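Coordinate analysis (summary)
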Amino acid sequence: MKAKSAINKIKKRLGIDVSDQVKDVVSGNATSRKVVIPWKNHVLSFYVDHSYTAGHAKINLIHIRRENDHSDLMTDYHAGYFPDNLTQALDAIEPPEPKFPAGSLVRVKSTKRAVRFNIAGISGLVVNAGPHNVKILNNSDGSVTSWIRNNDVELVQL
């Protein structure tokens, strides 16, 4: 991902300017820039590679760790992990808002998955909402469904 796009994505998602979080890192003959962003109880970091042509710098080595967790090379312990892309990293440190917040009146669409699990057409209130799933309080019998993907649910228009 281009560095400019990454910085704009972070600014939009977290609402912070990362230009003051940049540190120069010297490794051998090469100098690259490391961006370290402390956020709540996590630390997001990545390197900006300037070896590309001017204006086309790219980011790499996206890393997430807990704020108080540090690597220990003597015991071969490496804190944190490397997500595949910046979107996964941002979702890990700041989960997105649920598509259907708790209290929304929704209906399960008639998708292949919903028909297979015999939940197509169920309508009710969202009891518990995650970024990608919801639990619904069934209007007909008062039971609570298991987690249902947002793709299988639609908002009921009154």
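Shown above is the structure to which this text applies.
Residues numbered from 1 in each chain as written. Predicted model: local features only at pLDDT ≥ 70, side-chain atom pairs only at ≥ 80, totals over all residues. Heavy atoms only, no water.

Things to note about the pattern of salt bridges
Evaluated as defined, the whole model comprises five salt bridges. Note that Lys40 is salt-bridged to Glu94, the shortest N-O span being 2.9 Å. Of this pair, Lys40 sits in the loop between strand E2 (30-39) and strand E3 (42-49) while Glu94 sits in the loop between helix H2 (86-93) and strand E5 (105-108), and the two are 54 residues apart along the sequence. Residue Arg113 pairs with Asp152 through a salt bridge whose shortest N-O separation is 2.7 Å. Separated by 39 residues along the polypeptide, Arg113 in helix H3 (residues 112-116) and Asp152 in the loop between strand E8 (148-149) and strand E9 (153-155) bring together distant segments of the chain. For Arg113, a relative accessible area of 34% gives the class partly exposed. (Salt bridge = Lys/Arg side-chain N within 4 Å of Asp/Glu carboxyl O. Helix = DSSP H or I, 4+ residues; strand = E, 2+ residues; numbered from the N terminus. Buried < 20%, exposed > 50% of the residue type's maximum accessible area, 1.4 Å probe, protein only.)

Some details on helix H1 (residues 3-14)
Here H1 spans 16 Å end to end across twelve residues, near enough to the 16 Å set by a 1.5 Å rise per residue. What H1 keeps buried is the set Ala3, Ala6, Ile10 and Leu14. Viewed along the axis of H1, the buried residues span an arc of 60°, placing them on a single side of the element. Exposed side chains of H1 directed beyond 90 degrees from the buried face belong to Lys4 and Lys12. Where H1 terminates, the next one or two residues include Gly15, which has phi positive at roughly 75°. (Expected span 1.5 Å × (residues − 1). Arc of directions from axis to C-beta.)

So, the packing of aromatic side chains
Two aromatic rings are characterised by how far apart their centres lie and by the angle between their planes. Using the criterion set out here, one finds zero aromatic pairs in the structure. The ring of Phe117 carries the charged tip of Arg116 above its face, separated from the ring centre by 5.8 Å. (Phe/Tyr/Trp six-rings, centres within 6.5 Å; stacked < 30°, edge-to-face > 60°. Lys NZ or Arg CZ within 6 Å of the ring centre and 35° of its normal.)

Here we look at the environment of Phe46
Within the element layout of this structure, Phe46 appears in strand E3. Taking the relative accessible area as the measure of exposure, Phe46 reaches 1% and is therefore buried. For the pair Phe46 and His132, spaced 86 residues apart in sequence, the C-alpha to C-alpha distance is 26 Å. Each residue touching Phe46, except ones within four places of it in the same chain, is listed here: Ile10, Arg33, Lys34, Val35, Ile37, Ile59, Asn60, Leu61 and Ile62. (Contact = heavy atoms within 4.5 Å.)

Points about the nonpolar core
Membership of the largest hydrophobic core comes to 19 residues, with the highest contact counts inside it found for Ile10, Leu44, Phe46, Ile59 and Leu86. Mapped by element, the contributors of at least two residues to this core are H1, E2, E3, strand E4 (58-66) and H2. In contact with Leu44, not counting residues within four places along its chain, are Val35, Val36, Ile37, Ile62, His63, Ile64, Leu86, Ala89, Leu90 and Ile93. Listed in part, the eleven residues of the second largest apolar core include Val106, Val126, Val134 and Ile148. (Core = buried A, V, L, I, M, F, W, Y, C linked by side-chain atoms within 4.5 Å.)

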